[in-house]
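Working through the structure, step by step
Residue strings, one per chain:
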Amino acid sequence: MSTVSNTNAGPAKGAVRVMTGNEACAEAAIAAGCRFYGGYPITPSSEIAEILSKLLPRVGGKFIQMEDEIGAMGAVIGASLAGAKALTATSGPGFSLKQENIGYACMAEVPCVIVNVMRGGPSTGLPTLPSQSDVMQARWGTHGDHPIIALCPRGVRETYDLTVRSFNLAETYRTPVILLLDEIIGHVNEKVFLPDRIRVVERVKPGADVTEYLPYQDTDTDVPPMASFGEGHRFHVTGLVHDETGFPTNNPEKIEHVLRRLNRKIDRYADRIIRVEEDRDENARVGVVAYGSTARSASYAVRLAREEGIPVSILSLLTIWPFPEEPIREMANRVSDIVVPEMNLGQLAHEVEWAACGKARVHKVNRIDGEPIHPQYVLDAIRAAARGK
Amino acid sequence: MIDFEKYLRIKKFPLIWCAGCGNGIVLKGMLGAIDRIGLDKNKITVVSGIGCSSRATGYVDFNTLHTTHGRAIAFATGVKFANPDLTVLVVTGDGDATAIGGNHFIHAARRNIDITVILYNNWIYGMTGGQVSPTTPHGMRATTAPFGNPEGSFDISRLAIAAGASFVARGSVTSPVKLSQYIEKGIRKKGFALIEAFTPCPTAFGRQNKMGKALDNLEWIKERTIDVKKADALSPEELEDKLVTGILVDVEKSEYTDLYAKLVESVRDIPVDLHIPEREVVPASIAVAGGEEL
């Protein structure tokens with residue numbers, strides 16, 4: 001264990017802590033190298049801002065409460081272009097407001113992390129109660145064909161790990177990354193063992209020759225090196241479709257070229273970005289696909305079902321987007337029924353159905369009343385599926 | 001004699017601005033101010049929003065950021081706060097800064113962050129084809145005010161003053177030397193500075209309001225503007241429909257990034273209750289190549 005060179009943090013107090021998901025997210029952000037937070041208060045995410053307003057100035061970072069959600073997203077993008085690893089946190093209504101600038105970050109390829117602690121919607125909805133109803137907004141909330149990465153932890157320790165991973169993926173692929181917590185994960189207190197060692201990615205910088213710099217250059221990796229403002233490259237950044245030079249273009253060939261690369265940049269690395277955890281029973285005819293806090297209920301339900309003698313497999317999705325199509329297809333080839341519990345009306349179940357491609361029947365277990373999905377609900381669905389109903 | 005080409009991306013010419021547009025004069029004023037101050041091109045970031053004026057960022061050879069509609073000042077706040085060593089200028093318009101972006105405008109002034117906003121006020125939405133803006137005078141026509149603007153208009157400079165800007169000046173392309181001097185003073189000011197620049201739009205504003213040729217549009221501005229020193233001697237009735245130009249506010253006050261730096265200094269010795277794991281730094285090039293499991 002050691003302290004980061006540019007911090008004055010005291011010796012680590014020990015890696016065992018009792019903390020909430022929001023606390024874990026804030027601390028992990030600092031560990032990952034985040035040195036800029038721009039946000040706007042919104043329940044149930046506000047603790048992330050409150051904690052970072054205390055911590056960031058003490059590690060040489062910057063915290064700013066902006067005048068609104070849109071401005072917060074703009075400031076985060078500006079800070080990232082100036083070289084900082086940058087974060088914002090919000091919830092449903094604020095996530096809606098941020099969408100235009102999230103699209104900008106996709107288009108201009110600006111790494112940043114957006115945390116959405118999901119609450120019930122639509123509109124002002126259920127500010128203090130959990131939901132998972134923003135998974136489609138995370139994918140398609142901003143207009144236009146764009147790639148996106150969205151991660152979804154099941155608990156506090158996983159929130160810590162996936163926050164670090166969000167920054168790493170953002171810097172690796174020069175893209176915004178969305179971290180979807182839900183109100184349960186954000187506010188639940190859990191005893192956690194924080195890691196002694198983490199991997200931290202630093203973005204690819206261009207070479208020393210500033211005259212040759214193409215900010216959106218074609219490279220073997222499809223991820224162009226990124227300079228920061230002030231380093232001498234004097235490049236142009238725009239939300240308009242641009243060519244390799246960064247300047248707007250109306251040339252159909254160039255438009256096609258850059259938009260294809262933009263989407264390919266994430267698609268081709270999907271296997272590396274997607275992370276799932278499978279607890280497989282080779283005899284299972286019933287499978288469960290779950291994510292976020294619901295995956296905890298679902299895991300418990302699977303345990304109860306096995307105790308009753310029903311063989312079941314469960315696939316927990318830690319990456320939601322790009323969608324884990326292959327693992328679900330494999331599951332559909334082995335089982336006859338897939339149960340998908342969600343705190344929404346089946347947003348991801350439709351994706352599971354599409355991936356299963358008719359090989360397995362998909363059963364939705366949904367709850368939208370602001371209450372968590374109890375293991376019993378999932379267990380009932382597993383039993384019904386096992387009986388062939 | 002200033003070598004303006006030194007600051008321009010000549011390869012991107014011709015400009016998209018129409019014949020008779022005043023935007024080029026404001027832009028030239030900005031480049032002249034930068035030259036006189038002697039700023040390093042690498043240390044300047046110019047941020048713009050959406051609209052005719054905001055296309056200026058494409059033509060100037062600095063770090064340039066063409067953002068979403070209304071959000072230039074928010075993006076600029078992030079750039080300046082993350083790296084206070086940069087000189088940050090914002091090029092925006094009346095619609096961009098005071099309609100869709102009004103909130104960022106007043107709050108950046110309140111925060112007094114060291115950003116210089118050069119606001120091209122042409123009383124109309126030019127790029128989208130001449131719709132009514134927050135500064136279109138009452139009664140004047142626009143494509144979305146075909147019977148005359150039923151609304152009142154903003155006094156943008158007074159708005160910035162009320163919000164807390166430390167430097168506010170209003171100029172016009174009809175007095176380009178003064179306008180450039182105001183921009184210079186605004187950039188030199190440590191704090192939020194607004195330079196509101198009146199500029200004609202014969203294509204979208206002048207034509208709909210039967211204001212004659214491009215030169216007549218300039219005359220229209222000249223007739224309406226009055227220097228602050230002369231205005232002081234006039235009654236409110238005499239100043240009705242007049243636009244007062246000159247340096248309207250120039251005060252010394254604490255600037256935001258300075259205040260935050262002091263805050264950082266003052267909390268430096270407070271112990272942090274924070275677990276910092278050992279960090280293995282992986283270059284993104286290796287991560288992309290799949291060399292490391294992330």
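Residues numbered from 1 in each chain as written. Chains lettered and ligands numbered in written order. Predicted model: local features only at pLDDT ≥ 70, side-chain atom pairs only at ≥ 80, totals over all residues. Heavy atoms only, no water.

A word on the sheet that holds strand β16 (residues 337-342) of chain A. All names here are of chain A. Reading across from one edge, β12-β14-β13-β16-β17 is the order of the 5 strands in this open sheet, with mixed pairing throughout. Whereas interior strands pair on both sides, the edge strands pair on one side only; in this sheet they are β12 (276-279) and β17 (361-366). Each neighbouring strand pair of the sheet contributes to a mean axis angle of 20 degrees, computed without reference to strand direction. Sheet analysis places strand β13 (residues 286-290) next to β16, joined by 3 bridges and oriented parallel. For Val-288, the partnering residue across the bridge sits in β16 and is Val-339. (Pairing = 2+ DSSP bridges. Helix = DSSP H or I, 4+ residues; strand = E, 2+ residues; numbered from the N terminus. Axes fitted to C-alpha atoms, helices over the stretch in contact; angles between N-to-C directions.)

Residue and element names in this part refer to chain A. Counted by the stated rule, this structure contains 46 salt bridges over all chains. Where Glu-171 meets Arg-203, a salt bridge forms, and the shortest distance between an N and an O atom there is 2.7 Å. Highlighted residues: Glu-171 in helix α6 (residues 156-173) and Arg-203 in the loop between β10 (197-202) and β11 (236-238), separated in sequence by 32 residues. Take Glu-171: its relative accessible area is 4%, and that puts it in the buried class. The residue Arg-280 makes a salt bridge to Glu-278 at a minimum N-O spacing of 3.3 Å. Here Arg-280 falls in the partly exposed class, since its relative accessible area comes to 37%. (Salt bridge = Lys/Arg side-chain N within 4 Å of Asp/Glu carboxyl O. Buried < 20%, exposed > 50% of the residue type's maximum accessible area, 1.4 Å probe, protein only.)

The interface of chain B with chain A comprises 62 residues on the first partner and 78 residues on the second. Summing both partners gives a buried area of about 6,000 Å² for chain B against chain A, and 57% of it is carried by carbon and sulfur. Seen at the junction of chain B and chain A, the total is 5 salt bridges. The partner of Arg197(A) in a salt bridge is Glu280(B), and the shortest N-O contact between them spans 3.4 Å. Residue assignment for the side of chain B that touches chain A shows that the elements contributing at least two residues are β2 (63-66), α2 (72-82), α4 (102-111), α10 (256-267), β9 (278-283) and α11 (284-288) of chain B. Of all the elements, α2(B) adds the most residues to the side of chain B that touches chain A, at 7 residues. (Contact = heavy atoms within 4.5 Å. Buried area = accessible area lost by both parts, 1.4 Å probe.)

Once that is clear, we can look at the confidence of the model for chain A. Mean pLDDT over chain A works out to 95, with 96% of the residues at or above the 70 mark. Contacts from residues 1-13 of chain A, a stretch scored under 50 in pLDDT, to residues over four places away or in other chains number 28 contacts. (pLDDT = per-residue confidence, 0-100.)

Take the sheet that holds strand β8 (residues 243-250) of chain B next. The 9 strands are arranged β11(A)-β2(B)-β1(B)-β3(B)-β4(B)-β6(B)-β5(B)-β8(B)-β7(B) in an open sheet whose pairing can be described as mixed. Each edge of the sheet is formed by a strand with only one pairing partner; in this case those strands are β11 of chain A together with β7 (225-227) of chain B. Averaged over all pairs of adjacent strands, the angle between strand axes in this sheet comes to 20 degrees, irrespective of strand direction. The pairing of strand β1 (residues 44-48) of chain B with strand β3 (residues 87-93) of chain B spans 5 bridges and is classified as parallel. Pairing of Val47(B) across the sheet is with Val90(B), part of β3(B).

This part takes up the environment of Asn263(A). Residue and element names in this part refer to chain A. Relative to the helices and strands, Asn-263 is located in helix α8 (residues 252-267). Residues Asn-263 and Gly-94, spaced 169 residues apart in sequence, show a C-alpha to C-alpha distance of 25 Å. Beyond its immediate sequence surroundings of up to four residues, Asn-263 is in contact with Asp-145, His-146 and Pro-147. Of note is the side chain of Asn-263, whose polar atom sits 2.8 Å from the backbone oxygen of Leu-259. (Polar contact = N/O pair within 3.5 Å; in protein donor to acceptor, adjacent residues only side chain to side chain.)

All names here are of chain A. Within strand β5 (residues 112-120), 9 of the 9 residues are buried, which leaves it mostly tucked inside the rest of the structure. As paired elements, strand β4 (residues 86-90) and β5 share 4 bridges and run parallel to each other. Within the sheet, the bridge partner assigned to Leu-87 lies in β5 and is Val-113. Viewed along the sheet, the connection from β4 through helix α4 (residues 92-108) into β5 turns out right-handed. Of the pairings in the sheet, the one linking β5 to strand β8 (residues 176-182) comprises 7 bridges and is parallel in character. Residue Met-118 lies in a different strand from β8, and its bridge partner there is Asp-182. Sheet topology places β5 next to strand β6 (residues 126-130); 2 bridges connect them, and they run antiparallel. (Right-handed = clockwise from strand over helix to strand, strands pointing away.)

For the rest of this paragraph, the subject is the domain arrangement of chain A. Residue and element names in this part refer to chain A. When its domains are assigned, chain A resolves into domain 1 (16-193) and domain 2 (276-386). Between the C-alpha centres of domain 1 and domain 2 the distance comes to 26 Å. Each partner contributes to the roughly 2,000 Å² buried at the junction of domain 1 and domain 2, and carbon and sulfur atoms together form 57% of this total. Counting the contacts that link domain 1 with domain 2 gives 2 salt bridges. For Arg-296, the salt bridge identified is with Glu-190, shortest N-O distance 2.5 Å. Across the domain 1-domain 2 interface, the total number found is 15 residue pairs in polar contact (both at pLDDT 80 or more). (Domains from an automatic or database assignment.)

A word on helix α10 (residues 293-307) of chain A. Residues and elements named next belong to chain A. Taking 1.5 Å per residue, 15 residues should reach 21 Å; α10 reaches 22 Å between its end C-alpha atoms and fits that length. For α10, the full list of buried residues reads Ser-293, Thr-294, Ala-295, Ser-297, Ala-298, Ala-301, Val-302 and Ala-305. Residues of α10 that are buried in the fold lie against β8, α7 (183-187), β13, β14 (312-317), β16 and α13 (375-386). Two residues or fewer past α10, Gly-309 is found with a positive phi of approximately 90 degrees. (Expected span 1.5 Å × (residues − 1).)

Looking now at the packing of α4(B) against helix α5 (residues 156-163) of chain B. The relative placement of two packed helices comes down to the angle between their axes together with the axis-to-axis distance. All names here are of chain B. One way to put it is that α4 packs onto α5 with a least axis distance of 8 Å and a crossing angle of 45 degrees. Considered as vectors, α4 and α5 are oriented oblique to each other. The two elements α4 and α5 cross, and the hand of that crossing is right-handed. For the pair formed by α4 and α5, the contact residues are Phe-105, Ile-106, Ala-109 and Arg-110 on the first element and Ile-156, Leu-159, Ala-160 and Ala-163 on the second. Classifying every residue of the contact of α4 with α5 by side-chain character gives 7 nonpolar, no polar and 1 charged. (Parallel < 35°, antiparallel > 145°, perpendicular 65-115°, else oblique. Left-handed = near helix turned anticlockwise from the far one by under 90°. Nonpolar A, V, L, I, M, F, W, Y, C, P; charged D, E, K, R; others polar.)

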